[in-house]
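A look at the structure
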Amino acid sequence: MIQNIRLYLSRQASTVRQYLLQEIIFFLCGWIPSVVGIAIRGVVYRLILRMDGWAAIENGVRLRFAENISLHHGAYLDQGSYLHACAHGITIGKSSLIMHGAVLHVYNFRDLPRAGIWIGENCLIGEYSVIRGQGGVKIGNRVYASPFSQIIAVNHVFDDPDRSFIEQGITAEGITIEDDVWLGASCVITDGVHIGEGAVVAAGAVVTKDVPPHTVVAGVPARPLKQITGEFEPQNNVPVFFDPVKR
C-alpha cells in the first residue's frame, strides 16, 4: 500500500511538499467561479507555478507538476483543461488560449531528453484537443488547433511479434509546428512531423510526413491538396467576417 502511495505521489509532483502545497491551494481556491476566482488564482497560483504578468485560470483546471508550468501575460486556461508538466514542463505564450477539456501532457518518467510543450503567442488549442509532449512539441505563434486535434510526439515500437508492444519501448522524435498554421478538427499529427509556416491541415487528416510551408494537406495519410499562393479565389458570394479588435 505504501509503495502504491509513493508511486501515486511521484506522478503528481516533484516532492511530497510540493504535492501538499498544490493540493491545499487547489482546495482553497481552485473551485471559486467567475471573475472573482480568476483574480484570486491570478495571485495565489504564483506560489506553485511561474506567471509572467497576468494569466486567467478558470475554476476546475487540473494541474500536475505545477512548478514546471509557465504562463505568460494574457494566457488563458479554460474550465476542465488539464496540464501535466513533468520533465521540461509546459510553456504557454502571451494571449494563448487553452480551451475546455484540452489535455497538455508531458508524462516523462523515462528521462526523455526533449520532453516538453512550448506554445507561442496568440495560439488557440481547441476543445478536447490532446498534446502529448514526450518527444517535445514546439508550436509557433498564431497557431489554431481546432477541437479534438491530437498532436502526439511519442510512438510505440511493435516490431517483435513475440513480445508485447509495452515491452519494446517508445520513440520520441518531437513535433514542430511553425507560425500561422491552422489544424482542422479531429486531425492527428504524428511523432517526427514538421509543419511549415502558413500550412493548413484539413479536418480528420492524419499527418505522418512533413508539411511544406503554405500547403493545404488532407486525407489519411495526409497528402498535399494545393499551395496557398495569395491569388484571389472567389468565395461564391459567401460573406467574410473579421474580428474588429484584431484589425
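Counting from 1, residues in each chain are numbered in the order their sequence is written. Local features in this predicted model are restricted to residues whose pLDDT is 70 or higher, and side-chain atom pairs enter the listing and the counts only when it is 80 or higher, whereas totals over whole chains, interfaces and linings include all residues. Side-chain metrics in this entry use all non-hydrogen atoms of the structure; hydrogen atoms and water are not considered.

Put simply, DSSP marks the helices as runs of H or I at least four residues long and the strands as runs of E at least two long, and each gets a number from the N terminus on. Along the protein, the regular secondary structure elements total three helices and 25 strands. For the protein, whose C-alpha radius of gyration is 20 Å, the value lies close to the compact-globule estimate of 18 Å for 247 residues. Long-range contacts, defined as pairs at least 24 residues apart, comprise 28% of the intrachain contacts of the protein with a sequence gap of at least 6. Accessible areas in this description were obtained via Shrake-Rupley with a 1.4 Å probe; residue shielding takes into account the shown protein chains only. Just so you have it, the protein exposes about 13,500 Å², and 59% of that area is on carbon and sulfur atoms. C-alpha atoms define the radius of gyration in this analysis, and the globule rule sets the expected value at 2.2 Å times the number of residues to the power 0.38. Two residues qualify as a contact provided that any one of their heavy atoms is within 4.5 Å of a heavy atom in the partner residue.

Okay, the pattern of salt bridges next. Definition used for salt bridges: Asp or Glu carboxyl oxygen within 4 Å of a side-chain nitrogen of Lys or Arg. For the structure shown, the criterion picks out four salt bridges. With a shortest N-O distance of 3.8 Å, R64 and E23 are connected by a salt bridge. With R64 in strand β3 (residues 62–64) and E23 in helix α2 (residues 16–29), this residue pair connects regions lying 41 residues apart in the sequence. Judged by its relative accessible area of 9%, R64 is buried. For the salt bridge of R163 with D160, the shortest nitrogen-to-oxygen distance reads 3.2 Å. What emerges from the salt-bridge pattern is a single network uniting R142, D179 and D180. Note on classification: 1.4 Å probe, protein chains only; a residue is buried when its accessible area is under 20% of the maximum for its type, exposed when over 50%, partly exposed between these limits.

Attention now moves to the environment of I195. As for its placement among the helices and strands, I195 is situated in strand β21 (residues 194–195). A sequence separation of 155 residues divides I195 from I40, and the C-alpha atoms of the two residues are 38 Å apart. In this structure, I195 is in contact with T176, I177, E178, V181, L183, I189, V201 and V211, ignoring residues within four places of it in sequence.

Of the two faces of strand β6 (residues 82–85), the one holding Y82 and H84 and the one holding L83 and A85 are both buried throughout. Judged from the three bridges that link them, β3 and β6 form a sheet pairing that is parallel. Bridge assignment links L63 to a residue of β6, and that residue is L83. Note on pairing: two strands pair once DSSP finds at least 2 bridges between them.

Bridging between β6 and strand β9 (residues 103–106) involves four bridges; their strand directions are parallel. Residue pairing in the sheet places Y82 in a bridge with V103 of β9. With three bridges joining them, β9 and strand β12 (residues 130–132) adopt parallel strand pairing. Bridge assignment links L104 to a residue of β12, and that residue is I131.

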